[in-house]
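So the chains spell out like this:
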Amino acid sequence: MIRAHLSRWALVAGALGLLACTTVTRLADSLLGATPSPTPRPSQTATPRATATHASGPSDAELGELQEQVVTLRGLRPTGPLGQTLLTPAELEQQVAEEFLGDYTEEDAINDARVLALFDLAERDLDLTSLYNDLYSEQIAGYYDPKVEEMYIVAGAGWTGVERLTYVHEFTHALQDQVYDLEQGLDYSEEACTEANERCLVISALIEGDATLLEEQWLRTYSSEQDIDDLVAFLDGFDTPAFDASPSFFQKDFLFPYEQGLEFVRAMYLKDGWAGVDEVYRRLPESSEQILHPALYPRATPIPVDLGEGPLTPGEGWKELERGVVGEWYMRLMLETRLEAEEAAQAAAGWGGDAYIALRSDTADAEALVLLTVWDQARDANEFVTGMTKHAADRFGQTTATGGGSWTWQDGRVLLVRAYTQTLWILAPDAETADALRRSIRFPITP
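Residues numbered from 1 in each chain as written. Predicted model: local features only at pLDDT ≥ 70, side-chain atom pairs only at ≥ 80, totals over all residues. Heavy atoms only, no water.

Moving on: the packing of helix 8 (residues 161-180) against helix 10 (residues 197-221). Two numbers describe how helix 8 lies on helix 10: the axes approach to 9 Å, and their chain directions differ by 135 degrees. The angle between helix 8 and helix 10 falls in the class oblique. Considering only the axes of helix 8 and helix 10, their crossing is right-handed. Taking contact as the criterion, the partners of Arg-164, Leu-165, Val-168, His-169, Thr-172, His-173 and Gln-176 in helix 8 are, on helix 10, Ile-207, Glu-208, Asp-210, Ala-211, Thr-212, Leu-214, Glu-215, Trp-218 and Leu-219. Within the contact of helix 8 with helix 10, the residues separate by chemical class into 7 nonpolar, 5 polar and 4 charged. (Axes fitted to C-alpha atoms, helices over the stretch in contact; angles between N-to-C directions. Helix = DSSP H or I, 4+ residues; strand = E, 2+ residues; numbered from the N terminus. Parallel < 35°, antiparallel > 145°, perpendicular 65-115°, else oblique. Left-handed = near helix turned anticlockwise from the far one by under 90°. Contact = heavy atoms within 4.5 Å. Nonpolar A, V, L, I, M, F, W, Y, C, P; charged D, E, K, R; others polar.)

Pasting the structure below:
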């Protein structure tokens, strides 16, 4: 799911200029001035390379002015030139499809959907390839690519306040990359995210929250009346049918870096200004729990959970699809598919650490899931068990209780076991597979 989905999802969300996510949904609040802006101070102006020429595109002078404004507000100075390319909307859409979806195979999409379905986050037959294509083509306004250190800017009907604000956001990413080196310094790449999904999620929240807070400050400090008029007019005609039709999980997860990430960065900024935000880049958050609860940063570090290095197979024909960490954010989203948001958040709070393994049998055309979670306190573990029991009752229908924390459902076998501050959740297509998985897992573990 979580690993394969996030390596593709969070990186793209972190790269694209997603107006629906960064600006449009919060424009009114931004214009009211929810966060103080620093007093602008002189600073070095960035020096862009020569840009492509489009009649409706910006001049080098205008881009230079926007860059200087961002540098002045953010306090990060460019360390070198920046490559910039102006593309038409059609060219930009093709560029994104090739860059982010070119290596996404049909098998990848099918397996991702299977794992998401285990967590009750999507239907098992969801066409992820079409969904990603629709979402990315709908949301594009420009993006910065750290692999080639290049800005790709849309140039269509005109260069308005919408494009200017998008440029401000994406140029902030360019500064982040030049100062902190997103791929090598922060280890924020597709390969790294495939192996460490929680790390990818929190870095995405940091860099997007940073750029989104900077957008707010630019709006209040430098935007013109025409910029505001352009943005309001854009809002009036703004339509995102692909995003609106996507599963609720996708919508909330897509917004996480811009909403929860923004509030995390805002909390750091209100304590120590941009210097406090810069310090976070030197001591990165380690879990979505810290993003969701900024007061827990940096002290609440995750508890390692080890399910063993070797393959976990309940019988012949079974293989691992993936393994990783769910984290508090995805735990909350899983619960939200059946519970009210507040109840789900409460049940997921107190997360200390976890590990999951998703498996598949081609012979049985079935999947299985093992999720072991460590909680801060026994009360937190109990709240999770209560929430998961209600979640399962709604998901699987009437149970046939067999005692000892296990149930037989119409769709298979579920085991939910608690040992003080630890919980074990096993979902399997039948009792034999579930029991075999239970025997294979050391539980409780010694954290």
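All right, on to the environment of Glu-263 then. When you line up the elements, Glu-263 lands in helix 13 (residues 248-282). With relative accessibility at 42%, the residue Glu-263 sits in the partly exposed group. Taking C-alpha positions, Glu-263 is 8.8 Å from Leu-213, a pair spaced 50 residues apart along the chain. For Glu-263, the side chain forms a polar contact with the side chain of Arg-266, separated by 3.2 Å. (Buried < 20%, exposed > 50% of the residue type's maximum accessible area, 1.4 Å probe, protein only. Polar contact = N/O pair within 3.5 Å; in protein donor to acceptor, adjacent residues only side chain to side chain.)

Let us now look at the state of the cysteines. Disulfides are covalent bonds that connect the sulfur atoms of two cysteines. By the definition in use, this model includes 1 disulfide. Across a sulfur-sulfur distance of 2.2 Å, Cys-193 and Cys-200 are joined as a disulfide pair. Sign of the S-S torsion, about 85 degrees for the bond between Cys-193 and Cys-200, identifies this disulfide as right-handed. By relative accessible area, which is 2% here, Cys-193 ends up buried. (Disulfide = S-S within 2.5 Å.)

Glycine aside, a negative phi is what most residues show, and trans is what most peptide bonds show. Between Tyr-297 and the following residue, Pro-298, the backbone shows a cis peptide bond with an omega angle of 0 degrees. Relative to the elements of secondary structure, Pro-298 occurs in the loop between helix 14 (288-292) and strand 4 (318-324). The step from Phe-443 to Pro-444 runs through a cis peptide bond, and the omega angle for that step is 0 degrees. With respect to the helices and strands, the residue Pro-444 is situated in the segment after helix 18 (431-440).

With that settled, the discussion passes to the side chain of Thr-172. Residue position: Thr-172 is located in helix 8. Filtering out sequence-adjacent residues up to four positions away, Thr-172 remains in contact with Val-70, Asp-210, Ala-211 and Leu-214.

Attention shifts here to the confidence of the model for the protein. When pLDDT is averaged across the protein, the result is 84; 84% of the residues are at 70 or more. Counting interchain partners and residues more than four positions distant, the pLDDT-below-50 stretch residues 3-25 has 102 contacts. Of the regions scoring below 50 in pLDDT, residues 39-55 engages in 41 contacts with residues more than four places distant in sequence or in other chains. (pLDDT = per-residue confidence, 0-100.)

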